[in-house]
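Spelled out from the first residue to the last, the chains are:
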Amino acid sequence: MIQLSPEVTTIIMLGGVLIGVLTGFPLAIPLGGTGVIMGYLLFGPPVFDLIYSRVFSLVTNYLLLAVPLFIFMGGMLERSGIAERMYDALYLWLGGLRGGLAIVTVLLGTVLAATVGVIAASIAMLSLSALPAMMKRGYDKSLASASIVAAGCLGILIPPSVMLVIYGPMATISVGKLFMAAFFPGFLLSALYMIYIAVRCSLEPEMAPAIPPEERAVPFGKKTTMLIVAMVPTAILVMAVLGVIFLGIAPPTEAAASGAFVATLLAVAYRAFSLRVLRQVALATLRLTSMIFLIGSCAFSFVGVFLSAGCGKVVENLILSTPGGAWGAFFVIQLIVFVLGFFIDWIGILFITIPIISPLIIALGFDPLWFAMMICVNLQTSFMTPPFAPGIFFLRGTADPKLGVTMSDVIRGIWPFVFLVLIGLALMVAFPQIILWLPGKMIK
């Protein structure tokens, strides 16, 4: 065993993870490797008991059973064809506006976010249904692709959200309250996106031409019927998950099972269910859940060693000594999360930072629920900021190559949406009830 000061250990451990990520290793390897090696050097063989206990507590956490259930629900919904029906209905209502299809894309992404919970599924559905329509009608590639990425990323914020399911147990915050707290922030970002698109397209009409009236010449009654038929299944699914939580009927894990069951019934109703589909969705659920728990296990091992070595106190003292008091510390934490989003997946950011910063929240005098939601909203940027930017890569992976959308097109269009997330954060600082009002109305 070696003797190192907590300050030196902090630099070595954080530096080891950063170097590992920048050299291209999957996040789990530098996290787990740094934790195990430094733990063995500092504490010897007993460190394996520490790592085992932390990993065991993670994989046996009952609340985290909701993770695979929500992923399964999103995968089954993706194959049901509901997204295409909603897009067709909304297109008839809003397609006549300049930028109307991009606004419809954001609106559809918001609705999907309340039913999917996984951004890969949301972006895939939007790319397949909305992108060809916008390209066919002469939309600017950067605006069209960026609106899909921004709208699809709402799926990890607006409940049911896998991110919130993971965050709650780590910070000992009710997942149900996190779900309710996330609604208005998600809707706020959606509204900011749509306002931006409308203003931008009114100033630069050539970016998003209006749809010719003859393409929208559908009787009012038929348009209304199409919209109702498209929205009712979504409303049923939302009530099956979020309704039972809000009304106090079931906790999040059981609500996730209810949602997975209803999503399967919807796939059956739309004649999209088969054993082949079931197998594909189950395998996709297994892969994504395994990745989340692998990163989580490695991160829990890293954080266990990090805290046992006294490094958490080093970070705490550094943050608390920030000029500006509590708000100065708040700004530093938000800046750290924002910068990490350029390089690390949101799963790693949560598993690394939350156990370290959660004890600071009460000391700083902030409401833990409000602070948690500020972190989650901030993490929206991590899906859109290169070089990591998983939202951009999901779009590039699902968009038809014939459409000619390049990586530079998406990156050029995405920065205004990143700025809008920061504006949303500022509004939630100024008006904290955007986050706190709805959880206060929950039935106990």
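The rules we used
Every chain begins its residue count from 1, and numbering advances along the sequence as written. Where local features are concerned, this predicted model is filtered to residues with pLDDT of at least 70; where side-chain atom pairs are given and counted, the filter is 80 or more; whole-chain, interface and lining totals use all residues. The basis for the side-chain values is all heavy atoms of the structure; hydrogens and waters are excluded. Under the DSSP-based scheme used, a helix requires at least four consecutive residues in state H or I and a strand at least two consecutive residues in state E, with every element numbered from the N terminus. C-alpha atoms define the radius of gyration, and 2.2 Å times the number of residues to the power 0.38 defines the globule rule. For the exposure calls, accessible area comes from a 1.4 Å probe over protein chains only, and a residue counts as buried if that area is under 20% of its type's maximum, exposed if over 50%, partly exposed in between. Here the open area of atoms and residues is found with the Shrake-Rupley method and a 1.4 Å probe, where only the protein chains shown may cover a residue. Confidence of the predictor in every single residue is expressed as pLDDT, which spans 0 to 100. Only C-alpha atoms enter the line fits that serve as axes; for helices the fit covers just the stretch in contact. Angles between N-to-C directions range over 0 to 180 degrees. Any angle from 65 to 115 degrees is called roughly perpendicular, while one under 35 is roughly parallel, one over 145 is roughly antiparallel, and all others are oblique. Handedness of each helix crossing follows the sense of rotation of the near helix against the far helix: counterclockwise by less than a right angle gives left-handed, clockwise gives right-handed. In what follows, residue pairs with any heavy atoms lying within 4.5 Å of each other are defined as contacts. Basically, the charged four are Asp, Glu, Lys and Arg, the nonpolar ten are Ala, Val, Leu, Ile, Met, Phe, Trp, Tyr, Cys and Pro, and anything else, Gly included, counts as polar. Only buried residues count toward a nonpolar core, which is a set of Ala, Val, Leu, Ile, Met, Phe, Trp, Tyr and Cys residues joined through side-chain atoms within 4.5 Å. A carboxyl oxygen of Asp or Glu within 4 Å of a side-chain nitrogen of Lys or Arg is what we treat as a salt bridge. For Phe, Tyr and Trp, rings pair up if their centres lie within 6.5 Å, where Trp contributes its six-membered ring, and each pair is then called stacked (planes under 30 degrees apart), edge-to-face (over 60) or tilted (otherwise). Here a polar contact is taken to be a pair of N or O atoms separated by no more than 3.5 Å, where protein atoms must pair a possible hydrogen donor with a possible acceptor and residues adjacent in sequence count only if both atoms sit in side chains. Under the convention used throughout, the expected extent of a helix is 1.5 Å for every residue step, that is, one less than its residue count.

Novice: I keep staring at the overall build of the chain and nothing clicks. Help me out?
Specialist: Per the secondary structure count, the chain includes 21 helices and zero strands. Taken against the 2.2 N^0.38 rule, which gives 22 Å for 444 residues, the C-alpha radius of gyration of the chain at 22 Å falls within 12% of a compact globule. Once the C-alpha set of the chain is aligned to its principal axes, its extents read approximately 75 × 45 × 45 Å. In the chain, which comprises 444 residues, the proportion classed as buried is 56%. For the chain, the exposed area adds up to about 18,000 Å²; of that, 73% sits on carbon and sulfur atoms.

Novice: Any chance you could explain the confidence of the model for the chain here in plain terms?
Specialist: Low pLDDT marks stretches whose predicted atomic positions should not be read closely. Here the chain averages 88 in pLDDT, and 98% of its residues register 70 or above. Helix H21 (residues 433–436) holds the highest mean pLDDT among the elements of the chain, 96, whereas helix H5 (residues 82–94) holds the lowest, 78.

Novice: Which parts of the structure should I look at to understand the packing of helix H10 (residues 162–171) against helix H17 (residues 346–364)?
Specialist: In helix packing, the relevant descriptors are the interaxial angle and the interaxial distance, both defined with respect to the helix axes. Contact pair H10 / H17: the axes reach a minimum separation of 10 Å and the direction vectors enclose 25 degrees. The pairing of H10 with H17 is recorded here as roughly parallel in orientation. The hand of the H10/H17 crossing is right-handed. Contact with H10, carried on its side by Val162, Met163, Ile166, Tyr167, Met170 and Ala171, involves Trp346, Leu350, Phe351, Ile354 and Ser358 of H17 and no other residues of that element. For the contact of H10 with H17, the per-class residue count stands at ten nonpolar, one polar and no charged.

Novice: I keep staring at the nonpolar core and nothing clicks. Help me out?
Specialist: Where a protein is soluble and globular, its nonpolar side chains tend to be buried together. Ranked by internal contacts, the top residues of the largest apolar core, which has 170 residues, are Val162, Ile166, Tyr167, Tyr193, Met373, Met384 and Phe417. Of all the elements, helix H11 (residues 175–203) adds the most residues to this core, at 15 residues.

Novice: Help me out: how do you make sense of the pattern of salt bridges in this one?
Specialist: Two side chains carrying opposite charge are able to pair once their charged atoms lie near each other. Here the structure, examined in full by the defined rule, presents three salt bridges. Among the ionic pairs, Arg200 bridges to Glu204, the shortest N-O distance being 2.7 Å. Note on Glu204: relative accessible area 29%, which makes it partly exposed. Salt-bridge contacts for Asp409 lead to Arg412; the nearest nitrogen and oxygen are separated by 2.9 Å. Taken together, the residues span about one helical turn, with Asp409 and Arg412 both in helix H20 (residues 407–430) at a distance of three residues. Judged by its relative accessible area of 9%, Asp409 falls in the buried class.

Novice: It is not clear to me how the packing of aromatic side chains should be interpreted in this structure. Could you clarify?
Specialist: Centre-to-centre distance and the angle between the planes together describe a pair of aromatic rings. Tallied over the entire structure, the rule returns 20 aromatic pairs. Where Tyr40 meets Phe48, the ring centres are 6.0 Å apart and the plane angle is 45 degrees; that geometry is what we call tilted. Under the relative-accessibility criterion, Tyr40 is labelled partly exposed at 42%. Here Phe48 falls in the partly exposed class, since its relative accessible area comes to 41%. When the ring of Phe300 is compared with that of Phe351, the centres are 5.7 Å apart and the planes differ by 80 degrees; the resulting orientation is edge-to-face. Taken as a pair, Phe300 in helix H14 (residues 275–308) and Phe351 in helix H17 lie far apart in primary sequence, 51 residues in all. The exposure class of Phe300 is buried, given its relative accessible area of 12%. Every member of this aromatic cluster is reached through a ring pair, and the members are Trp327, Phe330, Phe366, Trp370 and Phe371.

Novice: What's the story with the side chain of Thr385 in this structure? I'm lost.
Specialist: Along the chain, Thr385 falls in the loop between helix H18 (368–378) and helix H19 (390–398). From its side chain, Thr385 meets the backbone oxygen of Thr381 in a polar contact 2.9 Å long. Not counting residues within four places of it along the chain, the set of residues in contact with Thr385 comprises Gly341, Phe342, Trp415 and Val418.

Novice: Explain helix H16 (residues 325–340) to me, please; I cannot follow it from the model alone.
Specialist: Think of an α-helix as turning once every 3.6 residues; residues three or four places apart then point the same way. The terminal C-alpha atoms of H16 lie 23 Å apart, and with 16 residues this matches the ideal 22 Å at 1.5 Å per residue to within 8%. Of the positions making up H16, those classed as buried are Gly328, Ala329, Phe330, Ile333, Gln334, Val337 and Phe338.

Novice: What's the story with the packing of H11 against helix H12 (residues 220–246) in this structure? I'm lost.
Specialist: Where H11 contacts H12, the axes come no closer than 10 Å and their chain directions differ by 110 degrees. As judged from the angle between their axes, H11 and H12 are roughly perpendicular. Crossing geometry of H11 relative to H12 is assigned as left-handed. Contact with H11, carried on its side by Gly176, Phe179, Met180 and Phe183, involves Leu242, Ile245 and Phe246 of H12 and no other residues of that element. Tallied by class, residues from the contact of H11 with H12 come to six nonpolar, one polar and no charged.

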